[in-house]
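# Secondary and tertiary structure notes
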Amino acid sequence: MNLAAIVTTALLTVLLMLVFRPLAHAIGLVDRPGGRKRHVGEIPIIGGSAMFLGVIVGLVLLPDEGANLYLLITAGFVLVVVGLVDDRFGLPATLRLVAQFVAVLIMVYGADIVMRDIGNPLWIGTIRLGPFALLTTALIFSSVINAYNMIDGLDGLAGSMVMVALIAIAFVSGSGTSTESMALVVAAAVAGYLVFNLPLGERRPYRAFMGDAGSTFLGLCVVWLTVSICQGNDRIISPVHGLWFAALPIFDLFTVFVRRAVSGRSPFGSGRDHFHHILREAGMSVPLVVATLVSLQSLYAAFGVASLRWGIEEPLVFTVWAVLGIGQLWVVRRIGAIYLRATNQTINPI
């Protein structure tokens, strides 16, 4: 652990969040209420750029990180720039996907971080991907990025979910490792951002959002670090264990996709059918929804770490993950129903 890099990253992110506010208002980089956006006032979308610059400084302060550090920065630069343009003007989904694929190519061919196998999830031994490695890496990359993007619907939710994943990555990587240091530097940037994004009231001063620039960059960091420790002869974890670090955002993504596809809607459209919307419709406050979902994700990440420590067989770990994913909508609805009974409310179903 490099304490100087971590503290510097956190403090610089906080400073940049303050410095960027007037600039964001001047150039129109703000999120305005309307439609499905129910926040109050024009909120600066500065979290992505502040975290990215904070992470750059923190990573440069780490000793002997090698070329991969600069490749991560390069891939992040692509996503943050495209994300900022999208946050300001709006871009077609195809252009955002192209940017994500460029970042994947940097990760795969530059840093040699690629999913060559998916472990042993099915009791048939390690499943090697061979010629499908690049495609699988791209699909996983895009899924994780869009999962964090889609769950970024309440103050503090996406940032806290990323924090859980990064802390889990740092923990399994081991003290003093480069992956631990990199994960904690990114986590420090997220912590600096959360000072301005925790659910502490819609009319509070200095409130800010991370935007697509932030969610895509943080998704990149989670994928980059997770894949780097679950591949190769020196792997620390199996890909099966890595699934638990971002379990809830992934469950939310695929649940929404399936529900929309079954109902004949576009899976890529917008809507108020995510897990956090279901709990909000049950009458839960924003802080309570965030605390509930982050607590669930913390339990899932803890299980992923514990299953590694306890030596539970990969197929069993994957089976539990898959069953939980299929039943996650039921779990969330049950939580909402319990809250309704406890508060004697009536639900407005989605």
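Structural data are supplied above this passage.
So, here is what we can say about the structure in this document. Bear in mind that the values here come from a model prediction, so they are computed numbers and not experimental data.

What counts and how
Residues numbered from 1 in each chain as written. Predicted model: local features only at pLDDT ≥ 70, side-chain atom pairs only at ≥ 80, totals over all residues. Heavy atoms only, no water. Helix = DSSP H or I, 4+ residues; strand = E, 2+ residues; numbered from the N terminus. Rg over C-alpha atoms; globule rule 2.2 N^0.38 Å. Buried < 20%, exposed > 50% of the residue type's maximum accessible area, 1.4 Å probe, protein only. Salt bridge = Lys/Arg side-chain N within 4 Å of Asp/Glu carboxyl O. Patch = residues over 30% accessible without salt bridge, like charges linked within 9 Å, V, L, I, M, F, W, Y side chains within 5 Å. Areas by Shrake-Rupley, 256 points an atom, 1.4 Å probe, with all protein chains shown as cover. Disulfide = S-S within 2.5 Å. Axes fitted to C-alpha atoms, helices over the stretch in contact; angles between N-to-C directions. Parallel < 35°, antiparallel > 145°, perpendicular 65-115°, else oblique. Left-handed = near helix turned anticlockwise from the far one by under 90°. Contact = heavy atoms within 4.5 Å. Nonpolar A, V, L, I, M, F, W, Y, C, P; charged D, E, K, R; others polar. Phe/Tyr/Trp six-rings, centres within 6.5 Å; stacked < 30°, edge-to-face > 60°. Core = buried A, V, L, I, M, F, W, Y, C linked by side-chain atoms within 4.5 Å.

Before going further, it helps to spend a moment on the overall build of the protein. From N to C terminus, the protein includes 13 helices and two strands. The globule rule puts the C-alpha radius of gyration for 350 residues at 20 Å, and the 20 Å found for the protein is close to it. Dimensions of the protein along its principal axes, counting C-alpha atoms only, are 50 × 45 × 35 Å. Going through the 350 residues of the protein one by one, you find that 52% of them count as buried.

The next subject is the pattern of salt bridges. One pass over the full model with this rule turns up seven salt bridges. For Asp 117, the salt bridge is made with Arg 128, and the minimal N-O distance between the two is 3.9 Å. Of this pair, Asp 117 sits in the loop between helix 4 (93-110) and helix 5 (133-150) while Arg 128 sits in the loop between helix 4 and helix 5; the two residues are 11 residues apart in sequence, bridging distant segments of the chain. For Arg 128, a relative accessible area of 62% puts it in the exposed group.

A cluster of nonpolar side chains, contributed by Phe 77, Val 81, Val 85 and Phe 89, occupies part of the molecular surface with about 390 Å² of accessible area. Within the fold, Val 81 resides in helix 3 (residues 67-89).

Counted according to the given criterion, the structure contains zero disulfides. Of all cysteine sulfurs in the structure, the one in Cys 221 sits closest to Cys 230, which takes part in no disulfide; the separation is 16 Å.

Turning next to the packing of helix 7 (residues 178-194) against helix 8 (residues 211-229). Contact geometry of helix 7 with helix 8 gives a least axis separation of 11 Å together with a crossing angle of 165°. Taken together, the axes of helix 7 and helix 8 lie roughly antiparallel to each other. Handedness of the helix 7/helix 8 crossing: left-handed. Contact residues: Thr 179, Met 182, Ala 183, Val 186 and Val 190 in helix 7; Leu 218, Cys 221, Leu 225, Ser 228 and Ile 229 in helix 8. For the contact of helix 7 with helix 8, the class distribution of residues is eight nonpolar, two polar and no charged.

Let's shift gears to the packing of aromatic side chains. Taken as a whole, this structure holds six aromatic pairs when the rule is applied. One aromatic cluster is present, built from ring pairs that chain together Trp 244, Phe 251, Tyr 300, Phe 303, Phe 318 and Trp 321.

So, on to the environment of Ile 236. Inspection of the secondary structure puts Ile 236 in the loop between helix 8 and helix 9 (239-242). By relative accessible area, which is 34% here, Ile 236 ends up partly exposed. Placed 10 residues apart in sequence, Ile 236 and Thr 226 show a C-alpha to C-alpha distance of 9.7 Å. Dropping the residues within four chain positions of it, Ile 236 is found in contact with Val 172, Ser 173, Ile 229 and Leu 308.

One non-glycine residue with positive phi stands out, namely Trp 123, at about 65°. For Trp 123, a relative accessible area of 54% translates into the label exposed. Phi at Tyr 206 takes a positive value of approximately 70°, unusual for a residue other than glycine. Mapped onto the elements of the fold, Tyr 206 is located in the loop between helix 7 and helix 8. A relative accessible area of 48% places Tyr 206 in the partly exposed class.

This brings us to the nonpolar core. Counting residues in hydrophobic clusters, the biggest one holds 104 residues, and the most contacted among them are Leu 59, Phe 141, Leu 166 and Leu 293. The element contributing the most residues to this core is helix 6 (residues 157-173), with 12 residues.

Distances and angles like these do not, on their own, reveal function.
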